Amino acid sequence: MQNTEYSKPVLGIESSCDETGVAIYQPGHGLLAHALYSQVALHADYGGVVPELASRDHVRKLLPLVREVLAEAGLGMRELGGVAYTAGPGLVGALLVGASAARAMAWALELPAIGVHHMEGHLLAPLLEADPPEPPFVALLVSGGHSMLVAVRAIGEYRVLGDTLDDAAGEAFDKTAKLMGLSYPGGPALAAEALKGDPGAYRFARPMTDRPGLDFSFSGLKTQVLLAWQKSDQDARARADIAAGFEQAIVDTLVIKCRRALQATGMRRLVIAGGVGANRRLRADLAAAGEADGFRTYFPRLAFCTDNGAMIALAGALRLSAGQVQGPDIHVHPRWSLESLEPLTSAGAHAA
Ligand code: KG4
Ligand code: ZN
């Protein structure tokens, strides 16, 4: 039974890193509106995210985006039923901007509010699509800060099967791109280069696939690329070929570990989420592995692989529908274990 109060529209705010995302999700109706402002141009000159600049830009952009999504959904503030915001993990100042705005709105409007785990948001993003996955499933979470395989027995019940020992997959893309002179963020730039190259021209390692286990380590791969790049002619051909070889190495490694995780858990569904989930080679190779092995793959649309407010509005709406509300204090968690989350016990905990 769904709590009727919480079947009202929920405002979601994402501000953990360098994107300000705001959206409205209503249980039973789906996503009503979403808007995103990316700070990529602001940080590009520095080759990475500058936390203080990120916080200040979130302050500038957040309220205009809230007004924009309310207008797009045709709603007044008083028609909202709850507020959800990313409470971690992420940059502390950036998180505090979203958390403070969300808590202030909730207090002023006398609405329930909830802090959402950013990676739970990513993991649930495929539930925003038609034909959403039902737990149990394995989730591959690959973003700028994380590379994780997670067993999802139910929404809110997460067991981390494998994690990164050093660089996350997205971080490996970003650092590798940077050392070959590509612009920030490196993932999309490197993927575009890879399209022009021959993935067989350079053969890089598939780290930690020669031993059992589901952990990842990508920092050595970056060093291999650096050496290959230094020895090459450092021209367009070499850049494209090295990019293609690097991308294939990461994708093969992720595919091998996903297959192992599905085998180990006996689960038949694989959810892919996080910024690297936008990578087309990864999507194609995982879909092919699924056809060969008999598991189904679920991807969010490309815009919901990278950070966005829609996934936070959805995750918050599910938790509010399950009766989970927190007190008015503003707490953020720059580091936060996915396994420490409270399970969703209410039967109302289903996406629209
Ligand atoms: O999930 P996300 O937007 O932010 C974090 O929570 O970290 O992920 C951003 C990461 C960046 O490292 C970016 O380079 C990577 O996702 N990324 C990609 C692609 N699009 C974004 N990596 C590979 N191929 C892509 N097409
Ligand atoms: Zn993210």
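Everything that follows concerns the structure shown earlier in this document.
Residues numbered from 1 in each chain as written. Chains lettered and ligands numbered in written order. Predicted model: local features only at pLDDT ≥ 70, side-chain atom pairs only at ≥ 80, totals over all residues. Heavy atoms only, no water.

Enquirer: Explain helix H5 (residues 169-179) to me, and be specific about the residues and the numbers.
Expert: When we look at burial in H5, the residues that qualify are Ala169, Gly170, Ala172, Phe173, Thr176 and Ala177. Buried positions in H5, seen along its axis, are confined to an arc of 160° and lie on one side of it. Against the buried residues of H5 lie strand E6 (137-142), strand E7 (147-154), helix H6 (186-196), helix H7 (219-231) and helix H8 (236-265). Immediately beyond the C-terminal end of H5, within one or two residues, lies Gly181, with a positive phi of roughly 80°. (Buried < 20%, exposed > 50% of the residue type's maximum accessible area, 1.4 Å probe, protein only. Helix = DSSP H or I, 4+ residues; strand = E, 2+ residues; numbered from the N terminus. Arc of directions from axis to C-beta. Contact = heavy atoms within 4.5 Å.)

Enquirer: Lay out the environment of Leu141 in plain terms, naming residues and giving numbers.
Expert: On the secondary structure map, Leu141 appears in strand E6. In this structure the C-alpha to C-alpha distance between Leu141 and Arg296, which are 155 residues apart in sequence, comes to 16 Å. The residues touching Leu141, leaving out its near neighbours within four places in the chain, are Met119, His122, Leu123, His146, Ser147, Met148, Val150, Ala273 and Leu338.

Enquirer: Report on the environment of Lys196, specifying residues and quantitative values.
Expert: If you trace the backbone, Lys196 turns up in helix H6. Linking Lys196 and Ala54, residues 142 residues apart in sequence, is a C-alpha distance of 33 Å. Those residues within four positions of Lys196 in sequence are excluded, and the remaining contacts are Arg237 and Ala240.

Enquirer: Give a detailed account of the site of ligand 1, specifying residues and quantitative values.
Expert: Looking at ligand 1, there are 18 residues lining it, with Gly144, Asp174, Gly187, Asn279 and Asp307 nearest. Gly145 places a polar main-chain atom, nitrogen or oxygen, 3.5 Å from an oxygen atom of ligand 1. Contact distances for ligand 1 include 3.0 Å between a nitrogen atom and a side-chain N or O atom of Asn279. Contact with the protein chains covers 88% of the free accessible surface of ligand 1, which is 550 Å². When atoms are counted within 2 Å of each cavity's grid points, the one that captures over half of ligand 1 is the largest pocket. For the shell around ligand 1, the secondary structure elements donating two or more residues are helix H4 (118-124), H5 and H6. (Near = heavy atom within 4 Å. Polar contact = N/O pair within 3.5 Å; in protein donor to acceptor, adjacent residues only side chain to side chain. Areas by Shrake-Rupley, 256 points an atom, 1.4 Å probe, with all protein chains shown as cover. 1 Å grid on protein atoms, 1.4 Å probe; cavity = no way out; pocket = protein on both sides within 12 Å on 5 of 7 lines; lining within 4 Å. Sits in = over half its atoms within 2 Å of the grid points.)

Enquirer: Please give an account of the packing of helix H2 (residues 51-73) against helix H3 (residues 92-109) that cites residues and values.
Expert: Running from amino to carboxyl end, H2 crosses H3 at an angle of 30°, the nearest separation of the two axes being 9 Å. Between H2 and H3 the crossing geometry is right-handed. On H3, the residues that touch Ser55, His58, Val59, Leu62 and Val66 of H2 are Gly93, Ala94, Val97, Gly98, Ala101 and Met105. Each residue belonging to the contact of H2 with H3 can be placed in one class, and the counts come to seven nonpolar, four polar and no charged. (Axes fitted to C-alpha atoms, helices over the stretch in contact; angles between N-to-C directions. Left-handed = near helix turned anticlockwise from the far one by under 90°. Nonpolar A, V, L, I, M, F, W, Y, C, P; charged D, E, K, R; others polar.)

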